Every structure is written in C-alpha cells, then in structure tokens.
Amino acid sequence: MERPDSGAGSCAPPGSSGAPGGVPTVEAASRDETLGGNVRMSYHVAIDLGAGSGRALLGSTEGDRLELEEVHRFHYTARASAGCLRWDWGRLVDGMGAGLRSALAKADARGVSLESVGVDTWGVDYGLLDDAGRLVEEPICYRDHRTDMAMERAFGRVPREEILARTGIACH
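Rules used throughout
- Residues numbered from 1 in each chain as written.
- Predicted model: local features only at pLDDT ≥ 70, side-chain atom pairs only at ≥ 80, totals over all residues.
- Heavy atoms only, no water.
- Pairing = 2+ DSSP bridges.
- Helix = DSSP H or I, 4+ residues; strand = E, 2+ residues; numbered from the N terminus.
- Axes fitted to C-alpha atoms, helices over the stretch in contact; angles between N-to-C directions.
- Contact = heavy atoms within 4.5 Å.
- Salt bridge = Lys/Arg side-chain N within 4 Å of Asp/Glu carboxyl O.
- Buried < 20%, exposed > 50% of the residue type's maximum accessible area, 1.4 Å probe, protein only.

Undergrad: Break down the sheet that holds strand β2 (residues 53–62) for me, with residues and values.
TA: Spatially, the four strands line up as an open sheet ordered β3-β2-β1-β6, and their pairing is mixed. Each edge of the open sheet carries a strand with a single partner, namely β3 (65–75) and β6 (114–120). Neighbour-to-neighbour, the strand axes of the sheet open up by a mean angle of 20°, direction not taken into account. The sheet contact formed by strand β1 (residues 41–49) and β2 spans nine bridges and is antiparallel. When the sheet's bridge partners are listed, Val45 is paired in β2 with Leu58. Where helix α1 (residues 89–109) meets the sheet, its contacts fall on β1, β2, β3 and β6, and the angle it forms with β3 comes to roughly 140°.

If you want it as structure tokens, here you go:
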C-alpha cells in the first residue's frame, strides 16, 4: 500500500476499478439468497472506525431479525507528521481491507453473498482528494492542537446560548 504523501495510490471507492490492496468489492459477491418461500436473508458489512481502533462486522437480516458478528478488529494511532497529528491512512486502509476480506470469506463459507458495505467514522476528520481522486495528505486528527481555541473563537462570533438555541448542542 503506497502512502498518500508519496503522491501515489488511489482513494477510489469500493467497487471501482483499482480498489487498493486487493480489497474485495460488493460486485464480486452478488448472488441472491432466498430461504424458502418469500423470506430473504441478506448479508451486509459494517466498518466502524473509532478513535484508535476499528472493526468489521458481518450482519445478516432475515425478516425483522438482525444478527451481528465481529469478523475483524484492528488498531491505529494518530501520529505526528508534517507538523500535525494525523491518522495513519495506510493502516486504516489495511485494517478495512482485512475486515472486508474476512467478511467475504465468512460469507463465501456460508454460501451467501454480501449486499452492501457501510462505514461509520469519526464525523469530524476528513481527507482531501485531488482531481484524480488521490488522497492529498493523511487526515488530520481531531485531537490536533490547531483546533484548541476554535470554540472560543466561535463564541466570540456567536454566543454559546445562540448555538444551543439554533442547534440543540450544548457547547462546554
């Protein structure tokens, strides 16, 4: 896996040509499964990224029943790079890829296909892409000190009470 700061690699979405690291695509496993009558069992992958660890879950639904099985867990840390605290993008991609491969192997062993992949992340960190869809630099971690005074600057423009009234978010 080439690192984004090397200028190579791609952040192409799963299922597009050139998925990094041999990550399986949903299209690679698109068989339809029907269990007797009209009840259809479906299988899905959830990737959950937290503040230092991630996991892949294989979920199955049948009617109104949901089952979840953790198929992979991985760890990553934010580290100083180029003057900021950044997430290790290569380790994140490797962990997600291993999770997808684990989920696909479990589904294949059961003779079923995967229908979707969803990713839940931090919600505040992001990566910028260039015109070719490559990651420009590793995402800066929300814990980076560049944002230490951001709330105080915001309160200087919009009072804390107004933010609460407009958004319902109590800022401390």
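Undergrad: A description of the pattern of salt bridges should follow, citing residues and the corresponding values.
TA: Once the charged atoms of two side chains with opposite charge are near each other, the side chains can pair. Under the criterion given, the structure shown has 12 salt bridges. Measuring nitrogen to oxygen at the nearest pair gives 3.9 Å for the salt bridge that ties Glu70 to Arg55. Of this pair, Glu70 sits in strand β3 while Arg55 sits in strand β2, and the two are 15 residues apart along the sequence. A residue is classified by how much of its surface remains accessible, and Glu70, at 38% relative accessible area, is partly exposed. We note a salt bridge from Arg166 to Glu162, for which the minimum N-O separation is 2.9 Å.

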